[in-house]
Amino acid sequence: MTHNTIKIGVSGCLLGQKIRFNGEHKFHWYINEILGDYFEYVPLCPEVEIGMGVPRKSVRLVGDLNHPEMIEPVSGKNWTQKMHLYSSKKVQELSDLSGFLFKKNSPSCGVFRTKVYQKNGIPVANGRGLFADTFCKHWPLIPVEEEGRLNDAKLRENFLERVFGYHRLKILMSERFRRGDWVKFHERNKFLLLSHSRTHYTKLGQLVANMADMSPQDFKGAYSKVYILDVARNQTSQ
Ligand code: SF4
């Protein structure tokens, strides 16, 4: 892998691509003008890629919060299966990403509190867009965020730290396993980890101390999980 390039997936409309249902874009200044200097973006639009066209009829999520269907309210057309098929295939091609910036409130791209309409026609804002859901389940360690939440300094910092952390970890994971490299990695990140969570720093320290008792695979899995997921959860709940 190219060590210097950090690739981030992004909902294409946030980059100014006119691909929304109404033929418009949702250009996001911060993503383009500030973060764009640090990352190589990999734009993607699930709805265009499954052939819904631009412009197109809008769709919404309907039904079970955990297994919603993607429906065109006007025609009743159901896009669920097509989106699932596309998503499960597409996410496998995205292993080189170190993060994903998704468009909020989208039935395809929304990650947090996406509306799912119930039988009574009232939405419950607690779902997840179909593509984003498949991505998060397939790559649970890759940091994701929505553009709207980047306005919150703490969430923004949390996302960026996880992206850089994940990228560094990915490089280490791709190299031949040498215990000394993991010890160095842990020491190098000491103050960053401590600044967020002494508990997690200690937990990771114990894993490093017991490295010899684990297979390289088990150690890498356990360390990454605590480093990326648990620390992130701790940061967002502070
Ligand atoms: S599907 Fe995603 S990328 Fe495409 S227009 Fe909607 S929010 Fe943007």
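Our subject is the structure listed above.
Rules behind the numbers
- Residues numbered from 1 in each chain as written.
- Predicted model: local features only at pLDDT ≥ 70, side-chain atom pairs only at ≥ 80, totals over all residues.
- Heavy atoms only, no water.
- Helix = DSSP H or I, 4+ residues; strand = E, 2+ residues; numbered from the N terminus.
- Rg over C-alpha atoms; globule rule 2.2 N^0.38 Å.
- Buried < 20%, exposed > 50% of the residue type's maximum accessible area, 1.4 Å probe, protein only.
- Contact = heavy atoms within 4.5 Å.
- Areas by Shrake-Rupley, 256 points an atom, 1.4 Å probe, with all protein chains shown as cover.
- Lys, Arg positive; Asp, Glu negative; His and termini not counted.
- Charge placed at Lys NZ, Arg CZ, Asp CG, Glu CD.
- Pairing = 2+ DSSP bridges.
- Axes fitted to C-alpha atoms, helices over the stretch in contact; angles between N-to-C directions.
- Salt bridge = Lys/Arg side-chain N within 4 Å of Asp/Glu carboxyl O.
- 1 Å grid on protein atoms, 1.4 Å probe; cavity = no way out; pocket = protein on both sides within 12 Å on 5 of 7 lines; lining within 4 Å.
- Points joined across faces, edges and corners; volume = space filled by probe spheres on them.

**Student:** Explain the overall build of the protein chain here, please?
**Tutor:** For the protein chain, the count of helices and strands is nine helices and eight strands. Over its C-alpha atoms the protein chain spans a radius of gyration of 19 Å, differing by no more than 12% from the 18 Å that the globule rule assigns to 238 residues. Along the first, second and third principal axes, the C-alpha set of the protein chain runs to 60 × 35 × 30 Å. Residues classed as buried in the protein chain amount to 46% of the 238 residues present. Long-range contacts, defined as pairs at least 24 residues apart, comprise 63% of the intrachain contacts of the protein chain with a sequence gap of at least 6. Carbon and sulfur atoms provide 51% of the accessible area of the protein chain, an area that totals close to 12,400 Å². When the 35 positive and 24 negative side-chain charges of the protein chain are each reduced to one mean point, those points stand 2 Å apart.

**Student:** Please explain the sheet that holds strand β5 (residues 97-102) as it appears in this structure.
**Tutor:** Hydrogen bonds between backbone atoms are what pair the strands of a sheet, whose relative direction is either parallel or antiparallel. Sheet architecture is open: four strands sit in the order β2-β1-β5-β8, paired in parallel fashion. Every other strand in the sheet has two partners, leaving β2 (40-44) and β8 (144-146) as the edge strands with one partner each. Looking at each pair of strands side by side, their axes are set apart by 25° on average, direction ignored. Together, β2, β5 and β8 form the strand contacts of helix α4 (residues 130-138), whose direction differs from that of β5 by roughly 155°.

**Student:** What should I look at first to understand the pattern of salt bridges in this one?
**Tutor:** Between side chains of opposite charge, a pair can form as their charged atoms come close. The final tally for this structure, using the stated rule, is nine salt bridges. For Asp 96, the salt bridge goes to Lys 7, with nearest N and O atoms at 3.1 Å. Of the two residues, Asp 96 is situated in the loop between α3 (80-90) and β5 and Lys 7 in strand β1 (residues 7-11); the sequence distance between them amounts to 89 residues. Looking at Asp 96, the relative accessible area reads 36%, which means it is partly exposed. A single salt-bridge network, built from bridges that share partners, covers Glu 49, Lys 90 and Glu 93.

**Student:** Any chance you could explain the layout of surface pockets here in plain terms?
**Tutor:** Over the atoms a probe the size of a water molecule is rolled, and this reveals where empty space is left. A volume near 540 Å³ is recorded for the largest pocket. Around the largest pocket, the lining comprises 26 residues; the ones closest to its centre are Arg 20, Val 59, Asn 105, Ser 106 and Pro 107. Elements with a minimum of two residues in the lining of the largest pocket: α2 (46-49), β3 (60-62) and β6 (114-117). Per-element tally for the lining of the largest pocket: the top contributor is β6, with three residues.

**Student:** For this particular structure, what's the right way to read the sheet that holds strand β4 (residues 69-71)?
**Tutor:** If you trace the four strands from one edge of the open sheet to the other, you get β4-β3-β6-β7, paired in mixed fashion. Each end of this open sheet is capped by a strand with a single partner; those strands are β4 and β7 (123-127). Ignoring strand direction, the axes of neighbouring strands in this sheet form an average angle of 50°. Relative to β4, β3 runs antiparallel, the two being bridged by three bridges. The residue bridging Val 62 from the neighbouring strand is Glu 69, located in β4.

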